[in-house]
Amino acid sequence: MRFVALTRRTATLIAVTTATLIAVLVAGLLTAPAAHALLRWTTYDAGRTAQLGVPDSQVLLEHDGQQTLAWVAEGEIRSLQSTPESWGEASRVARIDGEAHLVGAIDSAGVVTLAWVEASGSSTSIRSAQYDNGWRAPVDVVVDARSTNVAEVGLSLAVVNGIPCIVASTGSLLDGTRAISTYVWDGSTWIAQATLPDISSRPGTGQAFTSGDLLGVTWTQDPDGASMVAFLDPATGGWSTSTVIETQMPLSAPPLIAVPADNAGTTAAIVWGRFDAASGLRTWYYALLSEKVVGPKVKLAVGMPNSVRPVGTWAAGTLWVAGSTSSALVSVWGRGATNVDESVATPGLIVNSVSLALEGDDHLLMGWMSQDPGTSVALNVAQRLRDAWAEGPALEGARVGGVVSAARPTLLWQRAVGGAGRGDVVVTAYQDVPLGVPDVWKLRVKNGPTVTVRWRPPADAAGITGYVVQVRKGKQPWRTRTTTDAGDPTYTFRGTAGSTYRVRVAGVGFGERGAWSAVKGVTVPKEPQPTQP
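Residues numbered from 1 in each chain as written. Predicted model: local features only at pLDDT ≥ 70, side-chain atom pairs only at ≥ 80, totals over all residues. Heavy atoms only, no water.

## Some remarks on the pairing of strand β44 (residues 500–509)
Regular strands place their side chains on alternate faces of the sheet.
Consideration 1: Of all 10 residues making up β44, eight are buried, and the element is well covered by its neighbours.
Consideration 2: Taken together, the four bridges between β44 and strand β46 (residues 520–523) define a ladder with antiparallel strand orientation. Considered in β46, the bridge of Y501 is made with V522.
Consideration 3: The sheet contact formed by β44 and strand β45 (residues 512–513) spans two bridges and is antiparallel. Each residue of the ladder has a partner; that of V508, found in β45, is R513. (Buried < 20%, exposed > 50% of the residue type's maximum accessible area, 1.4 Å probe, protein only. Helix = DSSP H or I, 4+ residues; strand = E, 2+ residues; numbered from the N terminus. Pairing = 2+ DSSP bridges.)

## Description of the confidence of the model for the protein chain
Consideration 1: For the protein chain, the average pLDDT comes to 79, and 80% of its residues sit at 70 or higher.
Consideration 2: In the model of the protein chain, strand β3 (residues 19–20) stands out as the element of lowest mean pLDDT, 22, in contrast to strand β16 (residues 190–192), which has the highest, 95.
Consideration 3: Counting contacts from residues 1–38, a segment whose pLDDT is below 50, to residues more than four positions away or on other chains yields 105 contacts. (pLDDT = per-residue confidence, 0-100. Contact = heavy atoms within 4.5 Å.)

## Describing the environment of I199
Consideration 1: By the element assignment, I199 lies in the loop between β16 and β17 (207–211).
Consideration 2: Residue I199 is classed as buried on the basis of its relative accessible area of 13%.
Consideration 3: C-alpha separation for the pair I199 and A230, spaced 31 residues apart in sequence, amounts to 9.8 Å.
Consideration 4: Sequence-distant contacts of I199, that is, excluding residues within four places in its chain, are made with I180, W219 and Q221.

## Topic: unusual backbone geometry
Consideration 1: One non-glycine residue, N133, adopts positive backbone phi at about 60 degrees.
Consideration 2: Relative to the elements of secondary structure, N133 occurs in the loop between β11 (123–131) and β12 (139–142).
Consideration 3: One non-glycine residue, E291, adopts positive backbone phi at about 55 degrees.
Consideration 4: By the element assignment, E291 lies in the loop between β24 (281–290) and β25 (293–294).

## Topic: the packing of aromatic side chains
Consideration 1: Tallied over the full model, the rule gives seven aromatic pairs.
Consideration 2: By way of ring pairs, the aromatic residues Y491, F493 and Y501 are connected into one cluster.
Consideration 3: Across from the ring centre of Y285, 5.1 Å away, lies the NZ or CZ of K297, which sits over that ring.
Consideration 4: Over the ring of W516 we find R504, and its NZ or CZ is 4.5 Å from the ring centre. (Phe/Tyr/Trp six-rings, centres within 6.5 Å; stacked < 30°, edge-to-face > 60°. Lys NZ or Arg CZ within 6 Å of the ring centre and 35° of its normal.)

Shown next, in the form of structure tokens:
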């Protein structure tokens, strides 16, 4: 299988280069035509020089087939809204002063909420805006975040039962101020919630996530570095008591991560790394959360580098976690309905560049950054279909990349186009297309009853990793005779003199079969009878 560039240009759509995918054949799936087997990528270039270097300075959200892209540009936050066929025109969300760190969320009605930390002179502030058939005027959330560094301010956003909630981890490493503040949107303004008295957070470590009908908040506690979790009921403003997740986390990086509730909205997860000062490595654990109940601690992986920060998502009752375990491997773990431990080899991997997303119940998309010596940074992508990983194209010149879960699974990245730290914001979406149909063009009987089948590959053979050949003798049922490699469009079998054979061929790829070719037939001549003396 490979990713194939579209040659047609419409508006600002441009094609992405092709690359070969590693495909795995699953014989048990060859009895039914393929629902999809090939990913064709189209790319929209936002056409603006963007600020780089601030983590997560762009977001992509999806609701009911429509996507909203927002990114930080020079002096502005801009956005695009998609239709099922294309992207609209870019619009300005807000003017900004300096750089900004952007987060976003979308509710069940499709209302988009953006929040961002914005540099303003020698201080920082937090603002937000909402999109509901148009962008509303931005409003202030935190006027002074008590920091001069945008990256030092933690900001996350979650929607709980339709209520947007912001968690802001503010303060400064220089003056020792620490605070986590939580804000709930009441339809017109952000209402600050009562702060738990035992929160003494390291700046930048607070996170918001959904847990049933509650807002979960995680943070790394000062001065001992314990990881904590507490829950807020947005409807009442009431907090639960804090729960200690882990005590052996004396280093602030990486903090624990929270994986929002699964599609059922009932089970969330926390993933963290217990630090071993002697080895400098972490043992990674996870715990499942249901409302206020924190489940048992379960070991996930041993010996992870201290700098690694995994990412996670849910799929069909399974918690999937991925992270760079070395400069050459992305490791992936699935825990729950499916238990999986596997790795994807990727030389030149850039640590903490891995992102993971879900499409459907069994299709995982993963992106990561890599850089080989003497080459530019590239965004790589892999997909997991039918219990196997296949790598996609390397998008050269990328600086920031990610995969976003959506009805139309989409890559979001930035491409360097000029000097260091500048680039275009790019969004890349795929569509599924069927495998091409081969053409059986020759059946030849030679050397007695030997039958040779030859076929032409389809004009568009992308995604085909081999061919399956079926033969029907007389009125007998069709029988699968062989599966060949993609580069060998021939098959030979021994027939019976006087019998008629019909043959058809179909392409296969990624465990799926395409449509059958037209049927062609041949009759093996009867052997000549010896003449009587």
